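Analysis of the macromolecular model
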Amino acid sequence: VLRDHPGVFVVGLFENGATLPTVLCKALGVEQFSTVERAFAEAAEHLGHRPVLVIDIHERIVDPTTLTSVSNFAKEFGFEQGLAKIVVVASSAGSAAQITGDGRKERVFVPPFTLEELKTAEAKVQFSKWFG
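Here's what I pulled together on the structure shown here. Since we're looking at a predicted model, the values are computed, not measured.

This part covers the overall build of the chain. When helices and strands are tallied, the chain shows 6 helices and 3 strands. A burial count over the chain gives 25% of its 132 residues as buried. The long-range share in the chain, meaning contacts at least 24 apart out of those at least 6 apart in sequence, stands at 63%.

Applying the stated criterion to the full structure yields 5 aromatic pairs. Taken together through their ring pairs, the aromatic side chains of Phe-9, Phe-33, Phe-40, Phe-73 and Phe-77 make up a single cluster.

Time to look at helix α3 (residues 64-80). Helix length check: α3, at 17 residues, gives a terminal C-alpha distance of 22 Å against a target of 24 Å (1.5 Å per residue), a fit within 8%. Within the span of α3, buried status applies to Thr-66, Leu-67, Ser-69, Val-70, Ser-71, Phe-73, Ala-74, Phe-77 and Gly-78. Just downstream of α3 lies Gly-82, where phi reads positive at about 65°.

If you add up the space inside the second largest pocket, you get close to 200 Å³. If you go around the second largest pocket, the residues you meet are Gly-12, Phe-14, Glu-15, Gly-17, Ala-18, Thr-19, Thr-22, Val-23, Lys-26 and Ala-27. Element by element, the count of residues in the lining of the second largest pocket is highest for helix α1 (residues 20-28), at 4 residues. When the residues that make up the lining of the second largest pocket are grouped by side-chain class, the tally is 4 nonpolar, 4 polar and 2 charged.

Cut-off values and rules
Residues numbered from 1 in each chain as written. Predicted model: local features only at pLDDT ≥ 70, side-chain atom pairs only at ≥ 80, totals over all residues. Heavy atoms only, no water. Helix = DSSP H or I, 4+ residues; strand = E, 2+ residues; numbered from the N terminus. Buried < 20%, exposed > 50% of the residue type's maximum accessible area, 1.4 Å probe, protein only. Contact = heavy atoms within 4.5 Å. Phe/Tyr/Trp six-rings, centres within 6.5 Å; stacked < 30°, edge-to-face > 60°. Expected span 1.5 Å × (residues − 1). 1 Å grid on protein atoms, 1.4 Å probe; cavity = no way out; pocket = protein on both sides within 12 Å on 5 of 7 lines; lining within 4 Å. Points joined across faces, edges and corners; volume = space filled by probe spheres on them. Nonpolar A, V, L, I, M, F, W, Y, C, P; charged D, E, K, R; others polar.

This is the structure we're talking about:
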């Protein structure tokens with residue numbers, strides 16, 4: 001749903017052993033991570049706000065190195081450098097549990113909904129409770 005919104009970039013982690021900076025470089029077609037940092041800084045200037053980076057962790061991802069790279073990346077890129085708002089979507093509870101953090105993160109469990117269920121008033125009320 002978010003893919004088509006300006007300022008939202010979605011990247012997927014589909015391979016154990018991959019690190020997020022490497023996956024981002026590949027997704028953007030660049031060699032050096034400093035180019036990724038510059039791209040997000042320029043996007044923030046153009047948009048007037050920080051872009052949103054959605055990190056989609058596939059359910060098969062269990063490698064601690066890969067999951068640690070997400071935690072470290074979110075802290076450095078999102079909080080310390082402030083280059084993007086980071087949203088991590090973990091398809092399995094095991095992956096979600098391995099994403100470390102501190103008081104700056106919020107965990108939200110979204111039960112499996114069908115497309116029709118998402119269109120109901122009840123689902124809209126539930127989402128408004130979670131996201132305001």
